[in-house]
Amino acid sequence: MISFCIYVVDDEEFIRDAVELNLGRYAVFGFASAEAAMAPGPTPPPDLVLLDVGLPGLSGVEALAPMRRLWPRALFIMITAYEDVDTVVTAMKGGAYDYVVKPLHMDSLKNNIENALETLRLRKEVSLLHQRYLEENLPLFIGRSRAIQAVMDFVGKIAASPDAPVLICGPTGTGKELIAGAIHYKSPNFRGRLVTVNCAAIPAELIESELFGYEPGAFSGARAGGKRGLIEEADGGTLFLDEVGDLSLEAQAKLLRFLDGGEFIKVGSARPTKVRARVVSATNRDLAAMIDQGQFRRDLYYRLAVTRVDVPSLMERPEDIEPIARHFLVAMADKYGKRFLSISPEAMAYLRGRPWEGNVRELKAVIERAVIAGDGPELTMESLRAEPPAAPAAAGQALPPLTPAGLDLPALLEGLERDYLQQAEALGGGSDVRAAELLGLNYHTFRYRKKKLLGD
Ligand SMILES: Nc1ncnc2c1ncn2[C@@H]1O[C@H](COP(=O)(O)OP(=O)(O)OP(=O)(O)O)[C@@H](O)[C@H]1O
C-alpha cells in the first residue's frame, strides 16, 4: 500500500485538528501559514496540500506557484471561505487540482481528498509501469567511450522534455535508430507510439498522404474510408523521421508547416488536424552542405535541430569495439543456440584493426557470421575468415504457374524479395552498401526493405 503525506495549510486551528483527526491513516501535518509550510524542516515533502485561500501573509493563491515549484509532484486542493468564482478560476488555472468551500463538511472533504489520492496512486502506478516497461523495451546501447557516455547522458536529459525536437546525425550503422528508441522509451511519450518513417523509402508523390493521411474520396484511387497519416499515428508519442535528408523540398515545406504549429491539413480536408508528438529525426548526410546547395531548407533544419546529437563513427571510438563485439557474441550465441564464451586475442586484434565502414551494423554482421561458422567456445580467426553462409536458393526455384485456383501474388513477390535480400546480404559480406549495389537498389531503399522483410 502506498502511504501519503498531507499538509493542511490553514490559519484556523480547529480545521487543522479536524483534518488530522479524520485522516489518521495518513501522515498529516498542519501549518498556520504558507511561509511556515515552505520553511525547511523535518517534515517529508507533501503528496497532497489542502491550501486555504485566505491565509495571513502570502495568500493561498499567491503561494500556489512557489509551492508547486517546491513540490512539483504534489496535488493542491484549495479551501475558500465562499465560492468566489474569480479566485477559484485563478487557482485552477494556476494548477490547483480541486477546491472546497467553507464551512467544511468532513464527509465531502474526505471524498475530495480520496479522489486526489486516487489520482496520485494512478500516477505512481503509471510511473512504476514505465519503469518496468523501460526494463523490457529500452534498447541496450553498448559503449564505454566518452563520446557514447555523453550521448547517453544527453538522451537522459532530453527525455525529460517530451516536446523538444531532436536531430541525430552520424554515419550509417552507428545506432541512430537505437538512440531514437531510447529517447522515446525514456520520455513520458512512451505512452504513445514510436512511429518510424523512412523518408528515403517513400516515393516523393506518396509522402504527403503517408505523413498526413487523407479524407475519404480525396483523390481517385484513395481508400474509401480515408487514411490516418503516420503523424497522426504518433499522437502523444514520437515521430521518428529516419533519413530525413532524403525528403523532397516539397515534403520539407509541408513538414515545416506541421512543426511550426503542430497542425496539418489532410489531403482533401479543409480543417486542420492537431497532433502533439515529439519529432526525432536522423540522417547520415551532411545537412549543412545540402543547405548550401539548396537541397535542404535552412528553416526546417533549425526546427528539427532544436537539440542535436552527433554519433561518432566506430573508428573514432575504437575502445567501444571490444564491448560491442562481446555483446554481440553473447546475443548471437543465444540466437543460434551455440556456446561461445570468449574472443581469442588474435581475433580481437583483427576486429580492432578493421576500418568498419559499416560501423556497428557491420561489426554485428561479422560476429553473427563467425558464430554461425564456428563451434565455440572461443571465437577464432578461423571462424572470422569463414565464407559467408550460402543464401537459400529459393529464388532460383521455379515459380508456381497461375491456375484457376489463383495465387497470392503479394506473398509470392515478398518471398522472392526476401530471398534476394538474403542472398545480397551474404554476398555483400556485411556491407549494406555492396548488397544494395548487387540488387541495383538505392542504399536507403535497400535498408528500408531489409528492415521490413528481414528485421534489421
Ligand atoms: N552502441 C550500440 N550497442 C548495441 N547495438 C548497437 C549499437 N549501435 C548500433 N547497434 C546495432 O547496430 C545496428 C545498426 O544500428 P541502427 O540501425 O540504429 O543504425 P543507424 O545509425 O540508424 O543506421 P542507418 O543510418 O543506416 O539507418 C542495429 O542492429 C543496432 O541494434
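By the naming in an unreviewed UniProt entry, the chain is Two component, sigma54 specific, transcriptional regulator, Fis family, taken from Desulfarculus baarsii.

Taken from the UniProt record, the annotation "modified residue: 4-aspartylphosphate" (unreviewed entry) applies to Asp 52. One can find Asp 52 in strand E3 (residues 48-52). Apart from residues no more than four positions distant in its own chain, Asp 52 is found in contact with Val 9, Asp 10, Asp 11, Gly 60, Ile 79 and Lys 102.

A word on a nonpolar patch on the surface. Residues Leu 402, Leu 407, Leu 409 and Leu 413 make up a contiguous nonpolar surface patch of about 390 Å² in total accessible area. Given the relative accessible area of 36%, Leu 407 is considered partly exposed.

We now examine the site of the ligand. Among the 21 residues in the neighbourhood of the ligand, the closest are listed as Ile 142, Thr 172, Gly 173, Lys 176 and Lys 364. Taking Thr 174, its main chain carries an N or O atom lying 3.2 Å from an oxygen atom of the ligand. Within the side chain of Lys 176, one N or O atom sits 2.7 Å away from an oxygen atom of the ligand. Alone, the ligand offers 640 Å² of accessible surface; in the complex the protein occludes 95% of this. Mapped by element, the contributors of at least two residues to the shell around the ligand are helix H7 (176-186), helix H15 (359-373) and helix H19 (443-454). Residue composition of the shell around the ligand, by class: eight nonpolar, five polar and eight charged. The residues that make up the shell around the ligand include at least three from each of domain 2 (138-312) and domain 3 (315-454).

This paragraph deals with the side chain of Thr 238. Examined against the element boundaries, Thr 238 turns out to sit in strand E10 (residues 238-242). Once you skip the residues sitting within four places of it in the chain, Thr 238 turns out to touch His 184, Asn 189, Arg 193, Leu 194, Val 195, Arg 278 and Val 280.

Position of Ala 74 relative to the elements: it lies in the loop between helix H3 (60-70) and strand E4 (75-80). Each C-alpha atom of the pair Ala 74 and Ser 127 lies 15 Å from the other, and the pair is 53 residues apart in sequence.

Once that is clear, we can look at unusual backbone geometry. In this model, Lys 102 is joined to Pro 103 through a cis peptide bond whose omega is 0°. Along the chain, Pro 103 turns up in the loop between strand E5 (98-101) and helix H5 (106-137). Residue Glu 243 is not a glycine yet carries a positive backbone phi of 55°. Position of Glu 243 relative to the elements: it lies in the loop between E10 and helix H10 (249-261).

Analysis parameters
- Residues numbered from 1 in each chain as written.
- Predicted model: local features only at pLDDT ≥ 70, side-chain atom pairs only at ≥ 80, totals over all residues.
- Heavy atoms only, no water.
- UniProt positions renumbered as here; feature names shortened; annotations may be inferred.
- Helix = DSSP H or I, 4+ residues; strand = E, 2+ residues; numbered from the N terminus.
- Contact = heavy atoms within 4.5 Å.
- Patch = residues over 30% accessible without salt bridge, like charges linked within 9 Å, V, L, I, M, F, W, Y side chains within 5 Å.
- Areas by Shrake-Rupley, 256 points an atom, 1.4 Å probe, with all protein chains shown as cover.
- Salt bridge = Lys/Arg side-chain N within 4 Å of Asp/Glu carboxyl O.
- Buried < 20%, exposed > 50% of the residue type's maximum accessible area, 1.4 Å probe, protein only.
- Near = heavy atom within 4 Å.
- Polar contact = N/O pair within 3.5 Å; in protein donor to acceptor, adjacent residues only side chain to side chain.
- Nonpolar A, V, L, I, M, F, W, Y, C, P; charged D, E, K, R; others polar.
- Domains from an automatic or database assignment.

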